[in-house]
Amino acid sequence: MPYPSNKRVFSGIQPTGVPHIGNYLGALKQWINLQKSNNTCFWSIVDLHAITMPYDAGTYKTKVLTTAATLLAIGIDPEKSILFVQSHVPAHTEATWLMSCQTKYSELQRMTQFKDKGENQASVSTGLFVYPVLMAVDILLYQADLVPVGDDQVQHLELTRTLATRFNNTYNHLFTVPEPYIIKEVARVMSLKDPAKKMSKSGNPNDAIFLTDSQDEIQKKIKTAVTDSGSTFDPDNIGPALKNLLSIYIAFSGVGVEETMEKFGGKGYATIKNDIAEMLIEKLTPIRNKVRILLDNESSLMANLQLGARRANEVAQKNLREMKSRMGFTQIS
Ligand code: AMP
Ligand code: TRP
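Residues numbered from 1 in each chain as written. Chains lettered and ligands numbered in written order. Predicted model: local features only at pLDDT ≥ 70, side-chain atom pairs only at ≥ 80, totals over all residues. Heavy atoms only, no water.

Draft legend 1. Quick peek at the site of ligand 2. By nearness alone, 13 residues border ligand 2, and Q14, Y131, M135, D138 and Q153 come closest of all. Q14 places a polar side-chain atom, nitrogen or oxygen, 2.9 Å from an oxygen atom of ligand 2. One nitrogen or oxygen atom from the side chain of D138 is found 2.7 Å from a nitrogen atom belonging to ligand 2. Counting only elements with at least two residues in the shell around ligand 2, the list comes to β1 (8-13) and α6 (126-140). (Near = heavy atom within 4 Å. Polar contact = N/O pair within 3.5 Å; in protein donor to acceptor, adjacent residues only side chain to side chain. Helix = DSSP H or I, 4+ residues; strand = E, 2+ residues; numbered from the N terminus.)

What follows is the structure in structure tokens.
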């Protein structure tokens, strides 16, 4: 299917650590394709979202810079796309307050991510509760048509659509009502150790393959990944662990589904894992090397982020002013 073009696109990634292959296949690969196919793209490192859970201030700057370097290394072009850090654009926090006054408490209570992450509701931060409102304004401030995300974000996108429509109905049409952009097959890459859980940055590091993992790490993690019962692969009876490993193989290598089934049918799990590890090493080593070079030149990395912030601020400020004007605020120029 051809990629959409001539759209405004927004997406965000939390700087909670180096992105993993789940982030890449579920979201970041689509970022690159959408950038290539002539869209106006806004990509944000959402540092305000990532402080909604306990985090370490001492290593936070490194995490933000590593995330930025990884995005550049996989092919985000700061000239073509607008790549910026969320906290460098103050309109996001201000608009969140305005929008939170349009959001029902019960709507936020229903968010499954809040229910999952905020199990102990008495001690969880208010920020985690308001998180989906911040995410909604991220998108709306740029009038995005499309939002490429993994399927864990669909509920947040639904709320964004609800809030945009409510604002438009109450204060006269202002916001574009955005659509999610999801590639089904890889919308959820699962943990290597437990194929019932999604691969995540914050779990056990052996559950995930990070885009900057070394050859040895990749080999070890794939070797120790869980498999289904038996010891050889039967394409007519695919279990969840092999399904996950093979979807990773198919999505990364670009080899077709049928060809992959033929190649691996009847093969032992150890052989299959070896091939998957080699393919991943070949694809990820250039990314790892680029990230290292980019991180060695912090001033150039910061200059890219400054350029992105300047361009993002222009758009966001304009829409924030319009939002306040519709809501009846007095404004000084
Ligand atoms: P996060 O790291 O939570 O900010 O996620 C960044 C993007 O990656 C979002 O669009 C998520 O939906 C997507 N994502 C996160 N984990 C996975 C996963 N295991 N499989 C597919 N997509 C994912
Ligand atoms: N909540 C998203 C996640 O955890 C990150 C995010 C924040 C985002 N703002 C966004 C994604 C706006 C898409 C659009 O993955």
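Draft legend 2. How the structure looks around the side chain of Q35. Relative to the assigned elements, Q35 resides in helix α1 (residues 21-36). Of the residues examined, Q35 reaches a relative accessible area of 7% and is grouped as buried. Apart from the residues lying within four places of it in its own chain, the contact partners of Q35 are C41, W43, G75, I76, D77, K80 and S81. (Buried < 20%, exposed > 50% of the residue type's maximum accessible area, 1.4 Å probe, protein only. Contact = heavy atoms within 4.5 Å.)

Draft legend 3. Focus on unusual backbone geometry. In the Ramachandran plot, N6 falls in the positive-phi region, its phi being about 55° despite a non-glycine side chain. As for its placement among the helices and strands, N6 is situated in the segment before β1. Residues other than glycine seldom take positive phi values, yet Q143 does so here, at roughly 55°. Of note, Q143 is situated in the loop between α6 and β4 (146-148).

Draft legend 4. Structural view of the nonpolar core. In this structure, L71, F252 and L280 are the most contacted members of the largest nonpolar core, which totals 61 residues. Ranked by the residues each element gives to this core, the list is headed by helix α11 (residues 269-296), at ten residues. Formed jointly, this core draws a minimum of three residues from each of two domains, domain 1 (8-187 + 297-326) and domain 2 (212-293). Ignoring sequence-local partners within four residues, the contact set of F252 consists of I21, Y24, L25, M279, L280, K283 and L284. I82, L128, F167 and L174 belong to the second-largest nonpolar core, a separate cluster that totals 37 residues. (Core = buried A, V, L, I, M, F, W, Y, C linked by side-chain atoms within 4.5 Å. Domains from an automatic or database assignment.)

Draft legend 5. The arrangement of the site of ligand 1 in detail. Of all residues adjacent to ligand 1, which total 18 residues, the nearest are Q14, G150, D152, V189 and K201. In this structure, Q14 approaches ligand 1 through a main-chain N or O atom, which is 2.8 Å from an oxygen atom. Among the elements that take part in the shell around ligand 1, α1 stands out by supplying four residues, more than any other. Counted by class, the shell around ligand 1 contains seven nonpolar, seven polar and four charged residues. (Nonpolar A, V, L, I, M, F, W, Y, C, P; charged D, E, K, R; others polar.)

Draft legend 6. How the structure looks around the pattern of salt bridges. Under the criterion given, the structure shown has ten salt bridges. Note that E179 and R161 form a salt bridge whose closest N and O atoms lie 3.8 Å from each other. Of the two residues, E179 sits in strand β5 (residues 179-181) while R161 sits in helix α7 (residues 154-171), which places them 18 residues apart along the sequence. (Salt bridge = Lys/Arg side-chain N within 4 Å of Asp/Glu carboxyl O.)

Draft legend 7. View of the side chain of Q102. Structurally, Q102 can be placed in the loop between α3 (91-100) and α4 (105-109). Once residues within four sequence positions are removed from consideration, Q102 is found in contact with L163, R166, F167, Y171 and M327.

Draft legend 8. Looking closely at the environment of S231. Positionally, S231 belongs in the loop between α8 (215-223) and α9 (240-253). Placed 29 residues apart in sequence, S231 and T260 show a C-alpha to C-alpha distance of 18 Å. Each residue touching S231, except ones within four places of it in the same chain, is listed here: K267, G268 and Y269.

Draft legend 9. Representation of the domain arrangement of the protein in the model. Under the domain assignment, the protein is made up of domain 1 (8-187 + 297-326) and domain 2 (212-293). Each partner contributes residues to the interface: domain 1 has eleven residues there, and domain 2 has ten residues. When domain 1 packs against domain 2, the two sides together hide about 900 Å² of surface, and 77% of this comes from carbon and sulfur. Looking at the side of domain 1 facing domain 2, the largest losses of area belong to I21, L25 and A73, adding up to 48% of the total buried there. Between the two partners, domain 1 and domain 2, sit zero salt bridges. The interface formed by domain 1 and domain 2 contains one residue pair in polar contact (both at pLDDT 80 or more). Within the residue set of the side of domain 1 that touches domain 2, elements represented by two or more residues are α1 and α2 (57-74). Of the residues that constitute the side of domain 1 that touches domain 2, the class distribution is eight nonpolar, two polar and one charged. (Buried area = accessible area lost by both parts, 1.4 Å probe.)

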